[in-house]
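Descriptive analysis of the structure
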Amino acid sequence: MCRNIKTLFNFEPAATDEEIRAASLQFVRKLSGFNAPSKVNEAAFNQAIDEVTEAAIKLVRSLVTQAPPKNREIERARAIEQSAKRFGRQ
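Basis of the calculations
- Residues numbered from 1 in each chain as written.
- Predicted model: local features only at pLDDT ≥ 70, side-chain atom pairs only at ≥ 80, totals over all residues.
- Heavy atoms only, no water.
- Helix = DSSP H or I, 4+ residues; strand = E, 2+ residues; numbered from the N terminus.
- Expected span 1.5 Å × (residues − 1).
- Buried < 20%, exposed > 50% of the residue type's maximum accessible area, 1.4 Å probe, protein only.
- Salt bridge = Lys/Arg side-chain N within 4 Å of Asp/Glu carboxyl O.
- Contact = heavy atoms within 4.5 Å.
- 1 Å grid on protein atoms, 1.4 Å probe; cavity = no way out; pocket = protein on both sides within 12 Å on 5 of 7 lines; lining within 4 Å.
- Points joined across faces, edges and corners; volume = space filled by probe spheres on them.
- Nonpolar A, V, L, I, M, F, W, Y, C, P; charged D, E, K, R; others polar.
- Arc of directions from axis to C-beta.

1. With respect to helix 2 (residues 39-62)
The α-helix winds at 3.6 residues per turn, so residues separated by three or four positions along the chain end up facing the same way. The end-to-end C-alpha distance of helix 2, which contains 24 residues, comes to 35 Å, matching closely the 34 Å that a straight helix rising 1.5 Å per residue would cover. Of all the residues in helix 2, the buried ones are Phe45, Ile49, Thr53 and Val60.

2. Side note on unusual backbone geometry
Backbone torsion omega between glutamate 12 and proline 13 reads 0 degrees, so that peptide bond is classified as cis. Secondary-structure assignment places proline 13 in the loop between strand 1 (11-12) and helix 1 (17-32). For asparagine 10, which is not a glycine, the phi torsion comes out positive at approximately 65 degrees.

3. Regarding the environment of lysine 6
Within the element layout of this structure, lysine 6 appears in the segment before strand 1. You can call lysine 6 exposed: its relative accessible area is 55%.

4. Side note on the pattern of salt bridges
In total, this model carries 8 salt bridges according to the counting rule given. Of the charged contacts in the structure, one is a salt bridge between arginine 72 and glutamate 19, with a shortest N-O distance of 2.9 Å. Of the two residues, arginine 72 sits in helix 3 (residues 72-87) while glutamate 19 sits in helix 1, which places them 53 residues apart along the sequence. The class of glutamate 19 is partly exposed, set by a relative accessible area of 29%.

5. Quick notes on the side chain of serine 24
Mapped onto the fold, serine 24 is located in helix 1. If near-sequence neighbours (up to four positions away) are discounted, serine 24 is found in contact with Ile49, Val52, Thr53 and Ala56.

6. Thoughts on the layout of surface pockets
For the second largest pocket, the calculated volume is near 300 Å³. Sorting the residues of the lining of the second largest pocket by element identifies helix 1 and helix 2 as the ones contributing at least two each. Of the residues assigned to the lining of the second largest pocket, the class counts are 12 nonpolar, 2 polar and 1 charged.

7. Considering helix 1
Taking 1.5 Å per residue as the helical rise, helix 1 with its 16 residues ought to reach 22 Å, and the 22 Å between its terminal C-alpha atoms agrees with that figure. For helix 1, the complete set of buried residues consists of Ile20, Ala23, Ser24 and Val28. Along the axis of helix 1, the buried positions cluster into a sector of 140 degrees, meaning they face one direction only. Structural note: helix 1 exposes Glu18 and Lys30 on the side pointing more than 90 degrees away from its buried face. Downstream of helix 1 by a residue or two, glycine 33 has a phi angle that is positive, lying close to 80 degrees.

Here it is, written out as structure tokens:
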């Protein structure tokens, strides 16, 4: 999985449409190999982002789990700690 795409399911508060769109943008960038498309590919690139966003919103909103929701701040702190262990403190 692309390292920039974060898990969006089962968090409190729930992922926003903007967060899901940002993840969709990263996914389309990864698939296409473009950070920004050329003018000739811009329409297809933007359409792909819209379609992936729509599918991702449907997915995230329809998933069900018995696990309690994760706390965003706790998960963020855990990720920072793991990063510091992996790459060294700065």
